[in-house]
Amino acid sequence: MKKLYIFLLIVASLFAFKELSDIGINYYPKKINTGINYASVEISNKSTVILNPSEINYGTKKDKIAFENTIPRYMKTSGYWISKLKNPNKIILNQKEIAEFNKKIARTADGITNLEKYPQTVSQKSLRKIFNDRVSWYINKNYYNEAGEFVFPDFYISLTDRIDTGTKNTINIKYAITVKYCDVRIFPTEKKVLSGKTSKDIDRLQEESLDMGTPLIILCQTKDKKWSYAVAKTEEGWVETENLAFTNRKTFVEWLNMKNFIVVVENKADIFIGTNLKFADYVRMGAKFPYYPDEKHKNSYVIKIPSVNKNGFLEYKKAFINKENVNIGYLQYTQRNALKLAFKHLNEPYGWGGSNGEQDCSGYLSQIFNCFGILLPETSTQKIKCGNIIEFKKSDVNEIKNISLIQNAVEGISFIFFPGHIMLYIGNEDGEAYIIHAIWGLTSYDSQNNKTINYINRVIVSDLNIGGEVAGNSLIDRVSKFNRVE
């Protein structure tokens, strides 16, 4: 047994060395061009980029340094940036044009699923391949559990063994709607898998999160029925079955195509039920629900929310939501509205994959653009492919990038991207481009190769020079492209 344990430790060490080698990092002190989330990985159908820099040691590490944002106070409001625009109320795309834009994105970008046209059956073999591929990917990673212990392959294998895909070659799909906020997981477990022994804030098994009222296709469940494998419009993974209400196809399609609806336009909006206004849940920006236009209430709209009966099936309840937190139908797609929505998140916590009810850089943008009815793919890599794209050459210096952004990006509707991070362009000041973004942190290296991590963990306004204490570390050093969502 002792020999087996030593053998497994050697294998684990080889995995760790292989992972670092694969991304161009060795064990010797070396100055590298790194920063926020900077190593490519494949997770399920999700292409993303994430490496917790606190787990790579070069020289002396100064950890948990407070980030100092020196942006003047007057720049931290949407009104300042809106006042600089020539025509902030101009409609960029009307609802008919947005519908065409969404169709184009669905054709040209990965990560959008048409739930209404989803096949009635799926192949058991193809589904099993998805699960097995995930195991194959994860067992080659040097990850740890919350106790700081190395995660061995049997952990992932045991989770896959819990899955019930039946005995037939094809699986009949089911339909469901979420009845409360829930996480979407890579494997059917709440247990976390972390990049390092002390890293607690980024869970590698967190795919995304869903608000109440999200329609889902269910492909299979675990043997104990506690977890269901779900497909949403922009993501898929495991959700806890207790968060779902199952229904038939007709009711499901009606919910997908709801006619009279409100859209949440605040960062978070509370929902209440009953005459005593009992708290039901909160939903995030961009969530939408049918409402009853003929039912009058002084400060609230009466909405229809999904609920689950004792048999696990869908039933509806009437609920109340504050009128100030919502808009009837989608908002008009203007620069003013985009900037106002973006600044409602200012200083809100960062949450990788929507963990703990918050948002990461990509989820933040989805919430904003959902308010206009614009359906964007889940990841930053997918989002930057939407709309009109301008790519930089590797030889472009920062001055060229900055000038191009100011001349060609559109305030409030342009995304700025580098692998692992995506930001919203809000305008320029004194010849410098400015952004608002949900950001985990910044990593910097000095001339002696000593590393400092500035943990930010919130939505901030900044220029693109932050992180530039050493050449090659700033945001603009790594920016590779931007777009206009139009």
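Residues numbered from 1 in each chain as written. Predicted model: local features only at pLDDT ≥ 70, side-chain atom pairs only at ≥ 80, totals over all residues. Heavy atoms only, no water.

A. Broad picture of the overall build of the protein chain. Looking only at helices and strands, one finds 11 helices and 26 strands in the protein chain. A total of 486 residues make up the protein chain; the buried ones form 55% of that total. Considering only contacts within the protein chain whose residues lie at least 6 apart along the sequence, 70% involve residues at least 24 apart. Entry remark: accessible area of the protein chain is about 22,500 Å², with carbon and sulfur atoms responsible for 50%. (Helix = DSSP H or I, 4+ residues; strand = E, 2+ residues; numbered from the N terminus. Buried < 20%, exposed > 50% of the residue type's maximum accessible area, 1.4 Å probe, protein only. Contact = heavy atoms within 4.5 Å. Areas by Shrake-Rupley, 256 points an atom, 1.4 Å probe, with all protein chains shown as cover.)

B. A look at unusual backbone geometry. We note that L277 has phi near 50°; this positive angle belongs to a residue other than glycine. Among the secondary structure elements, L277 is positioned in the loop between β15 (268-273) and β16 (278-284). On the accessibility criterion, L277 (40% relative accessible area) is partly exposed. For N356, which is not glycine, the phi torsion reads 60° and is therefore positive. Position of N356 relative to the elements: it lies in the loop between α7 (335-343) and α8 (361-370).

C. Local environment of the side chain of Q221. With respect to the helices and strands, Q221 occurs in strand β10 (residues 215-222). By relative accessible area, which is 13% here, Q221 ends up buried. A polar side-chain atom of Q221 sits 3.0 Å from a polar atom in the side chain of S228. Residues within four places of Q221 in sequence aside, it is in contact with I163, D164, W227, S228, W238, T241 and F246. (Polar contact = N/O pair within 3.5 Å; in protein donor to acceptor, adjacent residues only side chain to side chain.)

D. Region of the structure containing the packing of helix α4 (residues 124-138) against helix α5 (residues 153-161). Two numbers describe how α4 lies on α5: the axes approach to 9 Å, and their chain directions differ by 165°. With respect to their mutual orientation, α4 and α5 come out roughly antiparallel. The way α4 lies across α5 gives a crossing that is right-handed. Here R128, F131, N132, V135 and Y138 of α4 come into contact with α5, specifically with Y156, I157 and T160. When its residues are assigned to classes, the contact of α4 with α5 shows 5 nonpolar, 2 polar and 1 charged. (Axes fitted to C-alpha atoms, helices over the stretch in contact; angles between N-to-C directions. Parallel < 35°, antiparallel > 145°, perpendicular 65-115°, else oblique. Left-handed = near helix turned anticlockwise from the far one by under 90°. Nonpolar A, V, L, I, M, F, W, Y, C, P; charged D, E, K, R; others polar.)

E. Spatial organisation of the sheet that holds strand β18 (residues 300-308). One open sheet accounts for 4 strands, arranged β16-β15-β19-β18; its pairing is antiparallel. Looking along the sheet, the strands with just one partner apiece sit at the ends: β16 and β18. Sheet twist, expressed as the mean angle between neighbouring strand axes with direction ignored, is 40°. As defined by bridge partners, β15 adjoins strand β19 (residues 314-322) across 3 bridges and the pair is classed as antiparallel. The residue bridging I273 from the neighbouring strand is A319, located in β19. (Pairing = 2+ DSSP bridges.)

F. Layout of the pattern of salt bridges. What the rule picks out here adds up to 13 salt bridges. For K84, the salt bridge is made with E429, and the minimal N-O distance between the two is 3.1 Å. Of the two residues, K84 sits in the loop between α2 (78-82) and α3 (95-108) while E429 sits in strand β23 (residues 421-429), which places them 345 residues apart along the sequence. Note that R185 is salt-bridged to D203, the shortest N-O span being 2.7 Å. Of this pair, R185 sits in strand β8 (residues 182-185) while D203 is found in the loop between β8 and β9 (206-210), placing the two residues 18 residues apart along the sequence. No difference in accessibility class separates R185 from D203, as the two residues are buried. What emerges from the salt-bridge pattern is a single network uniting K268, E348 and E358. (Salt bridge = Lys/Arg side-chain N within 4 Å of Asp/Glu carboxyl O.)

G. Local environment of the sheet that holds strand β17 (residues 288-290). Spatial strand order, β17-β14-β20: 3 strands in an open sheet with antiparallel pairing. In the strand order of this sheet, the two ends are held by β17 and β20 (326-328), each with one partner. Taken over all neighbouring pairs, the strand axes of this sheet differ in orientation by 25° on average, direction set aside. Bridging between strand β14 (residues 261-264) and β17 involves 3 bridges; their strand directions are antiparallel.

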